[in-house]
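Structural overview
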Amino acid sequence: MSRSRAVQAVLLASLAVLVTACGGGPDGAGGTSQAAGAPASGIPDTAALIQGVQKDAQLNAALPPNVKQAGVLHLASNLQSAPNNFYAADGKTPIGYEVDLAKAIAAKLGVTVTHQDMAFGSLITSLQSGRIDLTMAGMNDTKARQAQIDFVDYFTSGITIMIRKGNPDGITGPDALCGKNVAVVQGTSHQKFAEAQSTKCTQAGKPAVNVTATDSDNQNQNQLRTGRVAAILNDLPSAVYISRTAGDGKFFEVVPGEPIEGGPYGIGVNKTNTPLRDSVQKALQALIADGTYGKILQAWGVEQGAIKEAAVNGGA
């Protein structure tokens, strides 16, 4: 559903420029560099939320013996995907809504969590080999991946429409793109959707969508800022983060609504480690039920991707 690794490299580079100035990968692999640090307005203080999570003694008792004895979960991410998971301005502290969710899950289980940064393509094999306990890296839960690992779903991502602040072009959803100039990154699912939407428009007797495909997310943002396009299509977390941080939140906004062609992100667990998978699922479900989960997503501005149930292998 999401963009290719090559396009993610372009997004990483282009958003690094944005982060310096104003402040997701295949199947949600991420893409925002945080090398220069983000503005304070884009980084919420969620410490009190995490500290307020209470240990569940029953869930702790059900943990695999090695995890319970060590008191720590070893989690791997591809730490370059704001606001999913990335480095703070110090260049060494992992932050992001995924990082906060992982800390909250660990606290509910009565353990701590460590984050290891590794290439996205190494996450599944590292999990299968037992080098790590969990992965949480904006990875889409798909049937193909379910053959390799198990997932506990924690977020729904998909295509989101980003517009100029104040919505001067009156973009309220996909059907409002008819007759409008829309920018996408070449070769992505966003381009395919825009072209399909254009066909839908013409079949309904409306003007086609004028799709502009570029190699640069940064270039698309410049076109949107100057009014050369009315909208950009992007993945939900990236679009939200850009809207919150670019120009201190004064440049862009995201059209409200469910993600388009959405699918779940999943916490990866070794298929042989059912006790850990079930413990993580129950801990996340408890956080959903008590409101902690929703408050974390709201703090990062990505509540549009919230789920109601922490399904196991719920992806199609």
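Criteria and thresholds
Residues numbered from 1 in each chain as written. Predicted model: local features only at pLDDT ≥ 70, side-chain atom pairs only at ≥ 80, totals over all residues. Heavy atoms only, no water. Helix = DSSP H or I, 4+ residues; strand = E, 2+ residues; numbered from the N terminus. Buried < 20%, exposed > 50% of the residue type's maximum accessible area, 1.4 Å probe, protein only. Areas by Shrake-Rupley, 256 points an atom, 1.4 Å probe, with all protein chains shown as cover. Salt bridge = Lys/Arg side-chain N within 4 Å of Asp/Glu carboxyl O. Pairing = 2+ DSSP bridges. Phe/Tyr/Trp six-rings, centres within 6.5 Å; stacked < 30°, edge-to-face > 60°. Lys NZ or Arg CZ within 6 Å of the ring centre and 35° of its normal. Disulfide = S-S within 2.5 Å. Core = buried A, V, L, I, M, F, W, Y, C linked by side-chain atoms within 4.5 Å. Arc of directions from axis to C-beta. Contact = heavy atoms within 4.5 Å.

Before going further, it helps to spend a moment on the overall build of the chain. Across its full length, the chain carries 12 helices and 11 strands. Expressed as a percentage of the 316 residues in the chain, the buried residues total 56%. Entry remark: accessible area of the chain is about 12400 Å², with carbon and sulfur atoms responsible for 50%.

Before going further, it helps to examine the pattern of salt bridges. A complete count under the given rule lists five salt bridges for this structure. A salt bridge links aspartate 150 to lysine 271; the nearest nitrogen and oxygen atoms lie 2.7 Å apart. Of this pair, aspartate 150 sits in strand S6 (residues 149–164) while lysine 271 sits in the loop between strand S11 (260–270) and helix H11 (274–290), and the two are 121 residues apart along the sequence. Relative accessible area serves as the criterion here: at 4%, aspartate 150 is assigned to the buried category. With a closest N to O distance of 3.4 Å, lysine 200 and aspartate 175 form a salt bridge. In this pair, lysine 200 sits in helix H8 (residues 189–203) while aspartate 175 sits in the loop between S6 and strand S7 (181–185), placing the two residues 25 residues apart along the sequence. For lysine 200, a relative accessible area of 46% corresponds to the partly exposed category.

So, on to the pairing of strand S9 (residues 231–235). Among the five residues of S9, five are classified as buried, and the element is accordingly described as predominantly covered. Side-chain alternation along S9 places Ala231, Leu233 and Asp235 on one buried face and Ile232 and Asn234 on a second face that is also buried. Across four bridges, S6 lies against S9 in antiparallel orientation. Each bridged residue has a counterpart across the sheet, and for isoleucine 159 the counterpart in S9 is aspartate 235. Summarising the sheet, S7 and S9 pair through two bridges and their orientation is parallel. Across the sheet, alanine 183 pairs through a bridge with isoleucine 232, a residue of S9.

With that settled, the discussion passes to the packing of aromatic side chains. The geometry of an aromatic ring pair is captured by two quantities: the separation of the ring centres and the angle between the planes. In the structure shown here, the tally under the stated rule is six aromatic pairs. Ring geometry for tyrosine 97 versus phenylalanine 155: centroids 4.9 Å apart, planes at 35 degrees, classification tilted. Separated by 58 residues along the polypeptide, tyrosine 97 in helix H5 (residues 97–109) and phenylalanine 155 in strand S6 bring together distant segments of the chain. The class for phenylalanine 155 is buried, based on a relative accessible area of 0%. Members of the aromatic cluster, connected to one another through ring pairs, are Tyr97, Tyr154, Phe155 and Tyr265. Geometry around phenylalanine 251 places arginine 225 over its ring, the cationic atom sitting 3.7 Å from the centre.

Here the focus is the state of the cysteines. This structure, assessed with the given rule, holds one disulfide. At a sulfur-sulfur separation of 2.0 Å, the disulfide partner of cysteine 178 is cysteine 201. The sign of the -80 degrees torsion about the S-S bond sets the cysteine 178-cysteine 201 disulfide as left-handed. Here cysteine 178 is found in the loop between S6 and S7, whereas its partner cysteine 201 is found in helix H8, with 23 residues between them in sequence.

Here we take up the nonpolar core. Membership of the largest hydrophobic core comes to 55 residues, with the highest contact counts inside it found for Tyr97, Leu109 and Tyr154. Mapped onto this core, the elements with two or more residues apiece are strand S1 (72–77), H5, S6, helix H10 (236–245), strand S10 (252–254), S11, H11 and helix H12 (292–299). No other element matches H5, which puts eight residues into this core.

Glancing now at unusual backbone geometry. Here the residue pair alanine 82 and proline 83 is connected by a cis peptide bond, since its omega of 5 degrees sits within 30 degrees of zero. Mapping proline 83 onto the fold places it in the loop between S1 and strand S2 (86–87). Unusually for a residue other than glycine, asparagine 167 sits at a positive phi of about 50 degrees. Tracing the sequence through the fold places asparagine 167 in the loop between S6 and S7. Within the chain, aspartate 248 stands out as a residue other than glycine whose phi angle is a positive 55 degrees. Counting through the fold element by element, aspartate 248 comes out in the loop between H10 and S10. Here aspartate 248 falls in the exposed class, since its relative accessible area comes to 52%.

Taken residue by residue, H12 has Thr292, Tyr293, Ile296 and Leu297 as its buried positions. Along the axis of H12, the buried residues cluster in a sector spanning 135 degrees; they form a single face. Turning to H12, the residues buried within the fold contact helix H2 (47–51), H5, S6 and H11. With its phi angle positive at about 75 degrees, glycine 301 sits one or two positions after the end of H12.

Keep in mind that these numbers describe shape and distance, not what the molecule does.
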